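Residues per chain are reported as follows:
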Amino acid sequence: MAAKTNTSPPRWRKKLFSSWLARLGFVLIGLFLFVAAFAPIIAPYDPNSQNLRATYVPPFVGMSLTGPEGQLGLWVREINRTPLGEVMIGETQYPVKLFVRGDAWSWWGGILRSDFHLFGVDGAIKWYPFGADEQGRDIFSRLAYGAWISLSIGLIAVGIGLGVGVPLGVVSGYAGGRLDLVVQRLVDIMLSFPGILLAIVLVATFGTGLTNVMIAVGIATIPNYARLVRGSVLSLRDREFVEASKALGNNDWRIMAQHIVPNALSPIIVQSSLQMAIAILFAAGLGFLGLGARPPEPEWGLMLARGREYLATAPHVATFPGLAIMAVALGFNLLGDALRDALDPRGKS
Amino acid sequence: MRRVIVRIVLTKNLNLSQTQKIKIILKLEINKITRETFQSSKLIAHSLYTRTHLTTYIARRLLTVIPTMLGVLLVVFAMVRLAPGDPAELLAGEFATPETIKIIRERFGLDQPVLTQLGLYLSNLAQGDLGESTSKRSPVTKEILTYFPNTLVLTIAAMLVALLIGIPAGIISALRPGTIVDLLAMLGALIGVSMPVFWFGLMAILLFSVQLGWFPVAGTGTIGHLVLPAITLGLGTASILARITRSSMLEVLSQDFIRSARAKGLAGRTVIFKHGLRNALIPVVTVVGLQFGGLLEGAVITETVFAYPGIGQLLVGGILARDYPIVQGSVLVIALAFILINLIIDLLYGTIDPRIRYD
């Protein structure tokens, strides 16, 4: 039991940030959360505003809306001139500025309303930092809004998995007997549809769309939690402190809530981080297959699928959403690894 | 401990004759011996049990598969009936005439109680009848038999890729833990796990098929058609295998018998491969088994990316065309294949690791 003192907060926290990979994970997740929370500020344009003259415009290119209409120009950056560079269209230079006014937006259900954007180009041109898609929509802006979609998919799916899987695992492991048998057989059945297949089955049954995808991916994560939690409950059930609590006259629900769940928490936390990565990948996969979000939703998987048709001529349309998905999934995987190393009482030295 | 105390109490404090004391002590000793022999005989009995009753184990493991399979059947059966809309119309397809719908309704007993429907479904299934595809106008069983072998080939090829990349990478990392090689390999493995299969597939097509022209863009038939899909599908598994191999290898290499082998003066290579790797591979084999299921799942997406005619493409095409008989059939086949693979791995377990006991 001496090991208990080793997991005191400072040591724990120090361990969490100890490796470079862990730090990279925190940076990626921090960035993702920030972009998701403030998508309209970070995005220079509305994610659905089309510009049919700008279809498949490559990255870094700007297009003038007035004067020589539809003329294209490239973003350049000369040292000691403008900090963010400028877009050159013909002879005219349009500097990229911080905090510009642009498309009006409302966010968080209308609590936040403004027309301010983190960066953008003033005046009569539109600039596409990551290029434009098949309808001339700004890919960068769509990615920013897509971050919010991915985050909500991840949170809701993991929430469903936690909310149903953990109680199921705790009760099944603690009660044992026939109840355990029934729950485990159910879990077996769910696990017989490997990975994304269960989500596909659910979506095929109840229809596509973002809400159904969230629920389907959430249900698909339930068995993982149920299995994991049951395992740790089984190892805790016969420990002295549980018996002591029983001897003190506490009922089963109280024992589960006060002794079993808190002690089974660290694998659940680790699993949740990994599961976020899986949920985001699953949802993107469904979007890619055409079984997830519906157009014009700026969902990353769907964006990637649209880019597929013009892969040879406009590879950027598929490239950037893929990079975004990978960065976020990598972040959650790194975070999960770091949490595991930090929370594992056996601890690698 | 208690026995010793009792013995002292007996010999010192009680007013018993010497013979009585000896008798009691003997009795206690005999008790001790019988208890020990009993325990060891139990161990022998146990190992005998596990050897002779492997067949019992197999039978029991097969029995646990049955409720799972029934559950899977139930889920697939329920899919069409839970979907919004009339199941007969769903099974008949979008452009069906009222007559076809009527025929379908009678054929699957859709106007009868659910239990009758289930019975009919199961008896049809037992005869290999999975219904008729609405988009392809042919029996589902025939479609699956043409598509599924392709998926098996792709899955096995992907597993080969995963083994050839994952295990060497894991060994190299484990031999130089904490170095830049290890860090890069493990970061690579994490990226491999985090990378969306479909994105990697598209990028591979873009680079190797469109730009370099080394491989065909899509389709099947030659080895060339298999290379990119197999690499795309196998990479995620390779990453998982690399991580497992590394941690397993690190654990094995830190054990006493490795130190003994080194102390004995064996060559480093012999120690690492003959003593280390062979033991480290046991958990890897388990994961290989589990990953076959993961590959089946990944095949659904990979096949769509490469337009590879496998069961995954059949399934996704079926969903998009609202071809429910095809969807039911392919879901059923993938799930049953997955159950079967897990069963085989479980049964092979004991052969790979003699320490594992069946009970």
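Residues numbered from 1 in each chain as written. Chains lettered and ligands numbered in written order. Predicted model: local features only at pLDDT ≥ 70, side-chain atom pairs only at ≥ 80, totals over all residues. Heavy atoms only, no water.

Student: Help me out: how do you make sense of the environment of B:Ala157 in this one?
Tutor: All names here are of chain B. Secondary-structure assignment places Ala157 in helix α7 (residues 140–175). Relative accessible area serves as the criterion here: at 15%, Ala157 is assigned to the buried category. Separated by 30 residues in sequence, Ala157 and Leu187 have C-alpha atoms that sit 24 Å apart. In this structure Ala157 touches Leu226 and Ala230, once residues within four positions along its chain are discounted. (Helix = DSSP H or I, 4+ residues; strand = E, 2+ residues; numbered from the N terminus. Buried < 20%, exposed > 50% of the residue type's maximum accessible area, 1.4 Å probe, protein only. Contact = heavy atoms within 4.5 Å.)

Student: Would you mind showing me how to read the pairing of strand β3 (residues 86–89) of chain A here?
Tutor: All names here are of chain A. For strand β2 (residues 72–76) and β3, the ladder comprises 3 bridges, and the chain directions are antiparallel. Paired with Trp75 across the two strands is Val87, which belongs to β3. Examined bridge by bridge, β3 and strand β4 (residues 92–107) share 4 bridges and lie antiparallel to one another. Paired with Val87 across the strands is Tyr94, a residue of β4. Hairpin geometry of β3 and β4 is characterised by an intervening segment of 2 residues between the two adjacent antiparallel strands and by a positive phi of about 60° at Gly90. (Pairing = 2+ DSSP bridges.)

Student: I tried to follow the interface of chain A and chain B on my own but got confused; where do I start?
Tutor: Quite often, the size of an interface is put as the accessible area lost when its parts meet. Opposite the 42 residues of chain A that make contact, chain B presents 43 residues. Across the chain A/chain B interface, buried area totals approximately 3700 Å², and carbon plus sulfur atoms make up 81% of it. Counting the contacts that link chain A with chain B gives 1 salt bridge. Residues A:Asp337 and B:Arg243 are paired through a salt bridge, measuring 2.9 Å at the closest nitrogen-oxygen approach. Between chain A and chain B we count 8 residue pairs in polar contact (both at pLDDT 80 or more) in total. (Buried area = accessible area lost by both parts, 1.4 Å probe. Salt bridge = Lys/Arg side-chain N within 4 Å of Asp/Glu carboxyl O. Polar contact = N/O pair within 3.5 Å; in protein donor to acceptor, adjacent residues only side chain to side chain.)

Student: Would you explain the confidence of the model for chain B in this entry?
Tutor: Should the pLDDT be low somewhere, the predicted coordinates at that spot are not to be read in detail. Residues and elements named next belong to chain B. The predicted model of chain B has a mean per-residue pLDDT of 80, with 82% of residues at 70 or higher. At the level of individual helices and strands, chain B shows its lowest average pLDDT in helix α1 (residues 2–13), which scores 43, and its highest in α7, which scores 93. Counted against residues more than four places away or in other chains, residues 1–14, with its pLDDT under 50, gives 15 contacts. Below a pLDDT of 50 lies the segment residues 40–49, which in the model reaches 4 contacts outside its immediate sequence neighbourhood of four places, other chains included. Per the prediction output, this complex has pTM 0.84; the corresponding ipTM is 0.84. (pLDDT = per-residue confidence, 0-100.)

Student: Sorry, what's going on with the packing of aromatic side chains here?
Tutor: Ring pairs (aromatic) are described by centroid distance and by the angle formed between their planes. Residues and elements named next belong to chain A. All told, the structure shown has 18 aromatic pairs over all chains when counted by the stated rule. Ring plane angle 70° and centroid distance 5.5 Å describe the contact between Phe119 and Phe140, whose orientation is recorded as edge-to-face. Taken together, the positions of Phe119 in strand β5 (residues 112–121) and Phe140 in helix α4 (residues 139–175) put the pair 21 residues apart, joining distant regions of the chain. Here the two residues Phe119 and Phe140 agree in accessibility, since each one is buried. Each residue in the set Phe60, Trp75, Phe119, Trp127, Phe130, Phe140 and Phe320 is aromatic and connected to the rest through ring pairs, giving one cluster. Residue placement shows Arg23 over the ring face of Trp20; its charged tip is 4.6 Å from the ring centre. In this arrangement the basic side chain of Lys126 is found over the ring face of Tyr45, its NZ or CZ atom lying 4.7 Å from the centre. (Phe/Tyr/Trp six-rings, centres within 6.5 Å; stacked < 30°, edge-to-face > 60°. Lys NZ or Arg CZ within 6 Å of the ring centre and 35° of its normal.)

Student: I'm lost on unusual backbone geometry in this one. Help?
Tutor: Note: most residues except glycine have negative phi, and most peptide bonds are trans. With an omega dihedral of 5°, the bond running from A:Pro295 to A:Pro296 counts as a cis peptide bond. Backbone geometry places B:Arg137, a non-glycine residue, at a positive phi of 55°. The residue B:Arg137 is located in the loop between α6 (114–126) and α7 in this model. A positive phi angle, near 50°, is found at B:Ala307, a position not held by glycine. Looking at where B:Ala307 falls in the secondary structure, it is placed in the loop between α12 (268–306) and α13 (311–320).

Student: Where do I start with the sheet that holds β2(A) in this structure?
Tutor: In any sheet, the strands associate via hydrogen bonds between backbone groups, in a parallel or an antiparallel arrangement. Residue and element names in this part refer to chain A. One open sheet accounts for 6 strands, arranged β5-β4-β3-β2-β1-β6; its pairing is antiparallel. For this open sheet the edge positions go to β5 and β6 (125–128), each flanked by a neighbour on one side alone. The sheet shows a mean angle of 35° between the axes of neighbouring strands, direction not considered. (Axes fitted to C-alpha atoms, helices over the stretch in contact; angles between N-to-C directions.)

Student: What am I meant to see in helix α11 (residues 300–308) of chain A here?
Tutor: Each α-helix turn comprises 3.6 residues. Residues three or four places apart therefore point the same way. All names here are of chain A. For α11, a buried count of 7 out of 9 residues is recorded, marking the element as mostly surrounded by other parts of the structure. Every buried residue of α11 is accounted for by Trp300, Gly301, Leu302, Met303, Leu304, Ala305 and Gly307. Between a side-chain oxygen at the N-terminus of α11 and the backbone nitrogen of Gly301 the separation is 3.2 Å; the capping residue is Glu299.

Student: Before we go on, may I ask you to explain a nonpolar patch on the surface in this structure?
Tutor: Residue and element names in this part refer to chain B. Where nonpolar side chains cluster on the molecular surface, the patch consists of Ile172, Ile180, Val181, Leu183 and Leu184 and spans about 460 Å² of accessible area. Of the residues forming the nonpolar patch, the biggest block, 4 residues, is contributed by helix α8 (residues 180–194). Positionally, Val181 belongs in helix α8. (Patch = residues over 30% accessible without salt bridge, like charges linked within 9 Å, V, L, I, M, F, W, Y side chains within 5 Å. Areas by Shrake-Rupley, 256 points an atom, 1.4 Å probe, with all protein chains shown as cover.)

Student: Mind showing me how you'd approach the pattern of salt bridges here?
Tutor: If you walk through the whole model with that rule in mind, you get 13 salt bridges over all chains. The residue B:Lys136 makes a salt bridge to B:Glu143 at a minimum N-O spacing of 4.0 Å. The class of B:Glu143 is buried, set by a relative accessible area of 10%. Several salt bridges share partner residues, and in doing so they unite A:Asp133, A:Glu134, A:Arg137, A:Arg142 and A:Arg306 into one network.

Student: How should I be thinking about the side chain of A:Asp133 in this particular structure?
Tutor: Residues and elements named next belong to chain A. Along the chain, Asp133 falls in the loop between β6 and α4. Here Arg137 takes part through its backbone nitrogen, which lies 2.9 Å from a polar atom of the side chain of Asp133. If we skip the residues at most four places from it in the chain, Asp133 touches Ala54, Thr55, Tyr56, Ile139, Arg142 and Val317.

Student: Teacher, can you tell me more about the packing of α4(A) against helix α7 (residues 210–237) of chain A here?
Tutor: Working note: a packed helix pair is described by the angle between its axes plus the distance between those axes. Residue and element names in this part refer to chain A. At a minimum axis separation of 5 Å, α4 and α7 run at an interaxial angle of 35°. Between α4 and α7 lies a crossing of right-handed hand. The class makeup of the residues in the contact of α4 with α7 is 24 nonpolar, 8 polar and 2 charged. (Left-handed = near helix turned anticlockwise from the far one by under 90°. Nonpolar A, V, L, I, M, F, W, Y, C, P; charged D, E, K, R; others polar.)

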